[in-house]
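Structural overview
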Amino acid sequence: FLRLYQPFAERAASAAQVNREAERALSLDAQNLDALAAQYFVIAPFGHFVETDAALDRLRRAPGTGDGQRYTGWALRHFGWMREALTATEQAYQLDVLDPMSANLLAIARMAAGDIADAIPMFEELVERMPTMSFPVSSLLRAHAFQQDWAAVDRLLALAEQLSPDRPFKLEIGRAHV
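Residues numbered from 1 in each chain as written. Predicted model: local features only at pLDDT ≥ 70, side-chain atom pairs only at ≥ 80, totals over all residues. Heavy atoms only, no water.

**A few points about the overall build of the protein chain**
Secondary structure summary: the protein chain contains ten helices and two strands in total. Its helices and strands taken in sequence order, the protein chain reads α-α-α-α-α-α-α-α-α-α-β-β from the N to the C terminus. The proportion of buried residues among the 178 residues of the protein chain is 39%. Pairs at least 24 apart in sequence give 43% of the contacts found in the protein chain among residues at least 6 apart. (Helix = DSSP H or I, 4+ residues; strand = E, 2+ residues; numbered from the N terminus. Buried < 20%, exposed > 50% of the residue type's maximum accessible area, 1.4 Å probe, protein only. Contact = heavy atoms within 4.5 Å.)

**A closer look at the packing of helix H2 (residues 33-41) against helix H3 (residues 49-61)**
The N-to-C vectors of H2 and H3 enclose an angle of 165°; their axes lie 9 Å apart at closest approach. One element, H2, and the other, H3, form an angle in the roughly antiparallel class. Of the two possible hands of crossing, H2 and H3 adopt the one that is left-handed. Counting all contacts with H2, which are made through Leu33, Leu36, Ala37, Gln39 and Tyr40, the residues of H3 involved are Thr52, Ala55, Leu56, Arg58 and Leu59. Partitioning the contact of H2 with H3 into residue classes produces seven nonpolar, two polar and one charged. (Axes fitted to C-alpha atoms, helices over the stretch in contact; angles between N-to-C directions. Parallel < 35°, antiparallel > 145°, perpendicular 65-115°, else oblique. Left-handed = near helix turned anticlockwise from the far one by under 90°. Nonpolar A, V, L, I, M, F, W, Y, C, P; charged D, E, K, R; others polar.)

**Comments concerning the pattern of salt bridges**
In this structure the tally under the stated criterion is five salt bridges. The closest approach of N and O atoms between Asp99 and Arg70, which form a salt bridge, is 2.4 Å. Of this pair, Asp99 sits in the loop between helix H6 (82-95) and helix H7 (100-112) while Arg70 sits in helix H4 (residues 67-70), placing them 29 residues apart in sequence. The exposure classification of Asp99 matches that of Arg70, with both residues buried. Between Glu90 and Arg110 there is a salt bridge, with the nearest N and O atoms lying 3.2 Å from each other. Of the two residues, Glu90 sits in helix H6 while Arg110 sits in helix H7, which places them 20 residues apart along the sequence. (Salt bridge = Lys/Arg side-chain N within 4 Å of Asp/Glu carboxyl O.)

**Some thoughts on the confidence of the model for the protein chain**
Interpreting fine coordinate detail is not advised for predicted regions of low pLDDT. When the pLDDT values of the protein chain are averaged, the result is 87; 90% of them are 70 or greater. Confidence drops under a pLDDT of 50 for residues 171-178, and excluding neighbours within four residues, the segment shows 14 contacts in the predicted structure. (pLDDT = per-residue confidence, 0-100.)

**Brief notes about the nonpolar core**
Core analysis: the largest hydrophobic core is formed by 21 residues, its most contacted members being Met111, Met122, Phe123, Leu140 and Leu156. Secondary-structure elements contributing two or more residues to this core are H7, helix H8 (116-129), helix H9 (134-146) and helix H10 (150-163). The greatest single-element share of this core, amounting to seven residues, is contributed by H8. In this structure Met111 touches Ile116, Ala119, Phe123, Ser139, Arg142, Ala143 and Phe146, once residues within four positions along its chain are discounted. Tyr40, Ala55, Leu76 and Phe79 belong to the second-largest nonpolar core, a separate cluster that totals 15 residues. (Core = buried A, V, L, I, M, F, W, Y, C linked by side-chain atoms within 4.5 Å.)

**Digging into the packing of H7 against H9**
Interaxial distance between H7 and H9 falls to 11 Å at its minimum, and their mutual angle equals 20°. Judged on the interaxial angle alone, H9 and H7 are roughly parallel. Here the hand of the crossing between H7 and H9 comes out left-handed. Facing H7, whose interface residues are Met101, Asn104, Ile108 and Met111, H9 presents Phe135, Pro136, Ser139, Arg142, Ala143 and Phe146. Classifying every residue of the contact of H7 with H9 gives seven nonpolar, two polar and one charged.

**What to know about H6**
In a regular helix each residue adds 1.5 Å, so 14 residues correspond to 20 Å; H6 covers 20 Å between its end C-alpha atoms and thus fits that length. Turning to H6, its buried residues number three or more, namely Ala85, Ala88, Thr89, Ala92 and Tyr93. An end-on view of H6 places all buried positions within 135° of arc, on one side of the element. (Expected span 1.5 Å × (residues − 1). Arc of directions from axis to C-beta.)

Pasting the structure below:
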């Protein structure tokens with residue numbers, strides 16, 4: 001997943017390394033969810049729809065549980081399959097309700113499916129429990145903005161500024177800038 005934050009110039013080399021390791025893992029366990037997820041994540045983001053769909057299908061058909069399953073719903077949203085994404089994300093979350101990334105992904109899935117009211121408490125709990133985790137802060141800002149709860153946006157911006165005074169947040173015409 002962190003590969004998505006790499007410079008594009010470095011992605012081909014890291015994709016080759018990830019694919020080699022995934023193939024090694026799959027030679028030991030043909031249904032290794034983490035290896036299947038790794039193969040999904042290293043597919044170039046544009047121009048590879050058929051390959052991406054096939055990798056996602058292999059991941060969805062694999063039995064068992066693991067971190068790789070957590071990202072199935074995330075991947076389904078990229079294809080526009082919101083209900084299936086929400087169901088898959090809810091199932092992955094139920095396997096480890098204390099995992100902050102699973103909770104964050106479920107809150108995002110709820111928001112993407114239009115259920116912003118149910119996403120907000122999850123994001124709020126994550127911000128409280130994991131104040132240095134940036135994902136729920138930015139998503140909670142968006143959720144409050146979608147609800148037009150500007151007082152909540154202001155409170156969260158003030159909290160973000162306290163948590164990171166060297167990187168102030170600015171609100172500009174309804175958009176948060178880091």
